[in-house]
Amino acid sequence: MVGGGYAGFYTAWRLEKKLRRGEAEVVVVDPRPYMTYQPFLPEVVAGSVEARHAAVSLRRNLKHTKVVAGMVTNISHADKTVTVHPADGPDYQLTYDVIAVTAGAVTRTFHVPGVADRAIGMKHVEEAVAIRDRLFTAFDEAAGLEPGPERRKLLTVTFVGGGFSGVEGFAELLSLARWLLRKYPELSESDLAFHLVEATGRILPEVSDRPGEWVVKMLEKRGAVVHLNTFMQSADDGHVVLSDGTEFDSELIVWTAGNAATRLLRNHTDLPHNERGLVQVRADLRIGTETEVIPDAWAAGDDAAVPDLAAPTKDAYTVPNAQNAVRQGKLLAKNLLRSLRGREPKNYVHSSLGVIATLGLGNGIFQYKRIVIKGLPAWLMHRGYHVLAVPTWDRKMRVLSIWLVSFFYSRDIVSLASVQSPRDAFQTEAKARSLSASRPG
């Protein structure tokens, strides 16, 4: 299995429960030793969930699966081998009998000057923690400055991308920033500037127009600026230039402008893929088309173009979200077992359970068909759903305990940005002592 994200983790987890002793060996290859529960990343950004609680350990929970720490850089299905690039040491090859590609997607980027140097994504726990710590550090630094351009830049935040990930992260960080003002009497709301940039005419494309408009108005009421039909032209040295003519300096730029296929699937495999670089998959999750099946090759999750049989239109593909990835992973495990035991696989058919988003502490939105719920009830539904959905009981209990503690004692506001360079303090002291010892007398 190539990838231990949503689809990969749930496939391996289910296989462990259903495989007979000695029936098959399951191998998961992933550079990270954990599966990220991505719906919790906005709450990690806001400090409502501990970073480790949004990460589900592969080795701890996949007790009978061989976990290989490394990145698959090439798939040659013709001779059934994958090339693995480990964190340390030379590349090597693994052979397989059956492959399941569950590598997930990567953040879609564009050639915008300055973005590669200044922006940060929000697909992994490390990124969510860094965003949170950078905001805390910016508040600490801004509190020591007089009002002016430097303070304004420190407290200006820009999110690019108005999908669920971007809007949830933006709203949670805005809520945290407004709450932080209580702890910094030197600062005021006029010092804050939050910009959400979206290239299309609306945000949250999974909800209908009116709920989407309500979210925009709610964000603007909190002081945010939402730029629709706008794209970022440049961000050199934090100076943001937008296509609508707006220019400003921004210390924190977060890039959440959708997903793209990994380089592995676009350039380093002989498995078939579509024009977007996604693996071409049948409805039963076997790689191939309606007329041709690639033997012993399967795929699921964000990197797979899975036909959406529940959609009203033909030639539609399933939306790359957690809801589909989890259910595809579970079905993939069942179909692998059915194939292994000489039975025909089943098609993936799943009607959406609705969409739900957190929009800051005590605020959210939920929509199922024409039913729309806003505000506190939707926020409570969001928390209830995801604490049930996050895998393993230890994660459920840890998240619940953090929420309970935060209810009574509020959020922690300590920045641990220094963990990104943990040897700085030690090296500074060591150099000072070395200089002192080298001086005569």
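Only a predicted model underlies this, so the values are computations on that prediction, with no experimental measurement involved.

Counting residues in each nonpolar core, the largest one holds 109 residues, and the members touching the most others are I75, F139, L173 and L219. Those residues in contact with F139 that lie beyond four places of it in its chain are L155, A177, L180, L181, Y184, L187 and L192.

Another aspect to go through is the packing of helix α11 (residues 376-389) against helix α12 (residues 393-409). Between two packed helices, what matters for the description is the angle formed by their axes and the separation of those axes. With their axes 8 Å apart at the nearest point, α11 and α12 run at an angle of 150 degrees to one another. In this view, α11 runs roughly antiparallel relative to α12, as classed from their interaxial angle. Viewed along their axes, α11 and α12 form a crossing whose handedness is right-handed. For the pair α11 and α12, contact is made by R383, V387, L388 and A389 and by K396, V399, L400 and W403, respectively. Residues of the contact of α11 with α12, tallied by class, amount to six nonpolar, no polar and two charged.

On to the UniProt feature "domain: FAD/NAD(P)-binding" (unreviewed entry) in the protein chain. As recorded in UniProt, the feature "domain: FAD/NAD(P)-binding" (unreviewed entry) lies at residues 2-329. Its end C-alpha atoms 13 Å apart, residues 2-329 is made of 29% helix and 24% strand.

In total, this model carries 15 salt bridges according to the counting rule given. When the shortest N-O distance is used, the salt bridge between E23 and R20 registers 3.9 Å. Judged by relative accessible area, which is 23%, E23 ranks as partly exposed. Notably, a salt bridge pairs R398 with D394, separated by 3.5 Å at the nearest N-O pair. On the criterion of helical spacing, the pair formed by R398 and D394 is a turn pair, its members being four residues apart in helix α12. By relative accessible area, which is 36% here, R398 ends up partly exposed. Overlapping salt bridges bring together R60, D394, R395 and R398 as one network.

Another aspect to go through is the side chain of R151. Of note, R151 is situated in helix α6 (residues 149-154). A polar contact of 3.4 Å, which involves the side chain of R151, links it to the backbone oxygen of A142. Among all residues touching R151, those that are not within four sequence positions of it are A142, L145, E146, E186, L187 and D191.

Let us look at the pairing of strand β15 (residues 239-242). Two faces belong to every sheet, and in a regular strand the side chains alternate between them. Of the strand pairs in this sheet, strand β14 (residues 232-234) and β15 are connected by two bridges, and their pairing is antiparallel. The residue of β15 that forms the bridge with M232 is L242. Here β14 hands over to β15 after four residues, with D237 in that stretch at a positive phi of 55 degrees. Strand direction decides the pairing type here: β15 and strand β16 (residues 247-249), joined by three bridges, are antiparallel. By the bridge assignment for β16, H239 is matched with D249. Connecting β15 to the next strand, β16, in antiparallel fashion are four residues, including G245 with a positive phi near 95 degrees.

Side chains L252 and V254 project from strand β17 (residues 252-255) onto one buried face, and the interleaved I253 and W255 project onto a second face that is buried too. Where strand β10 (residues 119-120) lies against β17, two bridges are found, and the strand directions are parallel. Across the sheet, the residue bridging to I120 is V254, located in β17. In the sheet, strand β11 (residues 156-160) pairs with β17 via four bridges, with the strands oriented parallel. Within β17, the residue paired with V157 across the bridge is L252.

As a further point, take the packing of helix α1 (residues 6-18) against helix α10 (residues 322-340). Direction vectors running N to C along α1 and α10 enclose 35 degrees, while the axes themselves pass 7 Å from each other. Like other packed secondary-structure pairs, α1 and α10 cross with a definite hand, here right-handed. Note on element contacts: α10 touches α1 through A322, A325, V326, G329, K330, L332, A333, K334, L336 and L337, opposite Y6, A7, Y10, T11, R14, L15 and K18. Residues belonging to the contact of α1 with α10 are distributed by class as follows: eleven nonpolar, two polar and four charged.

Spatially, five strands are ordered β10-β17-β11-β12-β13 in an open sheet, and the strand pairing comes out parallel. Of all the strands in the sheet, just β10 and β13 (225-227) have a single pairing partner and so form its edges. Bridging between β11 and strand β12 (residues 193-197) involves five bridges; their strand directions are parallel. Residue V157 lies in a different strand from β12, and its bridge partner there is F194.

On to the packing of aromatic side chains, then. On inspection of all chains with the given rule, the structure shows eleven aromatic pairs. Plain terms: the ring middles of F9 and Y10 are 5.6 Å apart, the flat faces sit at 90 degrees to each other, and that makes the pair edge-to-face. You can call Y10 buried: its relative accessible area is 5%. Here K17 stacks its cationic end above the ring of W13, 4.2 Å away from the centre of that ring. Lying over the aromatic face of W393, K396 brings its terminal NZ or CZ to 5.7 Å of the ring centre.

Parameters at a glance
The residue numbers shown here count from 1 along each chain, following its written sequence. Totals for whole chains, interfaces and linings use every residue, but because this is a predicted model, local features are given only for residues with pLDDT of at least 70 and side-chain atom pairs only at 80 or more, for both listing and counting. Excluding hydrogens and water, the side-chain figures rest on all heavy atoms present in the structure. Throughout this description, the term nonpolar core refers to a set of buried Ala, Val, Leu, Ile, Met, Phe, Trp, Tyr and Cys residues connected via side-chain atoms within 4.5 Å. The rule is simple: take the accessible area with a 1.4 Å probe, protein chains only, and divide by the maximum for that residue type; under 20% is buried, over 50% is exposed, in between is partly exposed. Whether two residues are in contact is decided by their heavy atoms: any pair within 4.5 Å suffices. Throughout, an axis means a line fitted to C-alpha atoms (over the contacting stretch in the case of helices), and angles, computed between N-to-C directions, take values from 0 to 180 degrees. Per the convention used, a helix needs a DSSP run of H or I reaching at least four residues, while a strand needs a run of E reaching at least two, with both numbered from the N terminus. Each angle gets one of four labels, with under 35 degrees taken as roughly parallel, over 145 as roughly antiparallel, 65 to 115 as roughly perpendicular, and the rest as oblique. A crossing counts as left-handed when the near helix is turned anticlockwise from the far one by less than a right angle, and as right-handed when that turn is clockwise. The nonpolar class holds Ala, Val, Leu, Ile, Met, Phe, Trp, Tyr, Cys and Pro. Asp, Glu, Lys and Arg form the charged class, and all remaining residues, Gly among them, are polar. UniProt positions are given in the numbering used here, feature names are shortened, and annotations may be inferred rather than shown by experiment. A pair is scored as a salt bridge if a Lys or Arg side-chain nitrogen falls within 4 Å of a carboxyl oxygen belonging to Asp or Glu. Within 3.5 Å is the distance limit for a polar contact, defined as a pair of N or O atoms, with the added protein rule that one can donate a hydrogen and the other accept it, and that residues adjacent in sequence qualify only through two side-chain atoms. DSSP calls a pair of strands paired once it identifies at least 2 bridges connecting them. Each Phe, Tyr or Trp ring, with Trp reduced to its six-membered ring, pairs with another whose centre is within 6.5 Å; inter-plane angles below 30 degrees give stacked pairs, above 60 give edge-to-face pairs, and intermediate values give tilted ones. The criterion for a charge sitting over a ring is simple: Lys NZ or Arg CZ within 6 Å of the ring centre, and within 35 degrees of the ring normal.

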